[in-house]
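Commentary on secondary and tertiary structure
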Amino acid sequence: MNGQVQQTDIQSIEEFTVYSLDRSAEGLDGLIAECRRCGEAMIAEPIMAMMTYLPALAEQLHAFQSFEVSVSSLFQLEPELIADEQGSLKDVEDRLEALVHGLTERLFDSEYGVVSEMLRCDVPHVLARYQALLPVLRHYIDVEYMQTPEVAG
């Protein structure tokens, strides 16, 4: 692409959402890598990590959560219904929320080793579950909102 933005033919909010979901898989790869990088930094230099890596990571996690909540709200999704054999979107949402609260508590208590472990293992695992459910979510939006009904004739 030589640094140019790829032009897409998006004509509806549904098409834009599906496009965004397709791009989210790449974004989640980056977010997982950033979690691990921050977790490693928490071991080596916890104060430096809290000042440099953690604020940006927190912002990225918040942006992802906001996007996911917006999609659910826009399409009035029941997160329990977006599921695969390993669980539902609701399970993943609840787990990520619990992890974010746990990270905050552990940081407040200066438990940097626990924070590191959570960032290197627990949060990436939950984000990978989101990644696994993206095709299910995309399929739901495609079937429920984008496919035009066949006209009887």
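Heads up: these notes are all about the structure in this document. (Residues numbered from 1 in each chain as written. Predicted model: local features only at pLDDT ≥ 70, side-chain atom pairs only at ≥ 80, totals over all residues. Heavy atoms only, no water.)

Once that is clear, we can look at the overall build of the chain. Looking only at helices and strands, the chain features four helices and two strands. When the helices and strands of the chain are listed from N to C terminus, the series reads α-α-β-β-α-α. In terms of principal-axis extent, the alpha carbons of the chain reach across some 70 × 40 × 20 Å. Here the chain holds 153 residues, and the buried ones make up 33% of them. (Helix = DSSP H or I, 4+ residues; strand = E, 2+ residues; numbered from the N terminus. Buried < 20%, exposed > 50% of the residue type's maximum accessible area, 1.4 Å probe, protein only.)

It is worth spelling out the layout of surface pockets at this point. Its volume calculated, the largest pocket comes out at about 180 Å³. Around the largest pocket sit L54, L57, A58, L61, H62, Q65, V100, L103, T104, L107, V115 and L119, which together line it. Here the lining of the largest pocket takes six residues from helix α2 (residues 46-74), the largest share from any one element. For the lining of the largest pocket, the residue count by class is nine nonpolar, three polar and no charged. Space inside the second largest pocket adds up to approximately 150 Å³. Those elements that provide at least two residues to the lining of the second largest pocket are α1 (13-44) and α2. Here the residues of the lining of the second largest pocket are counted per class, giving five nonpolar, four polar and one charged. (1 Å grid on protein atoms, 1.4 Å probe; cavity = no way out; pocket = protein on both sides within 12 Å on 5 of 7 lines; lining within 4 Å. Points joined across faces, edges and corners; volume = space filled by probe spheres on them. Nonpolar A, V, L, I, M, F, W, Y, C, P; charged D, E, K, R; others polar.)

On to the environment of K90. With respect to the helices, strands and loops of the structure, K90 is situated in helix α3 (residues 89-108). Taking the C-alpha atoms as reference points, K90 and E78, separated by twelve residues in sequence, lie 8.1 Å from one another. Among residues more than four places away in sequence, those in contact with K90 are P79 and E80. (Contact = heavy atoms within 4.5 Å.)

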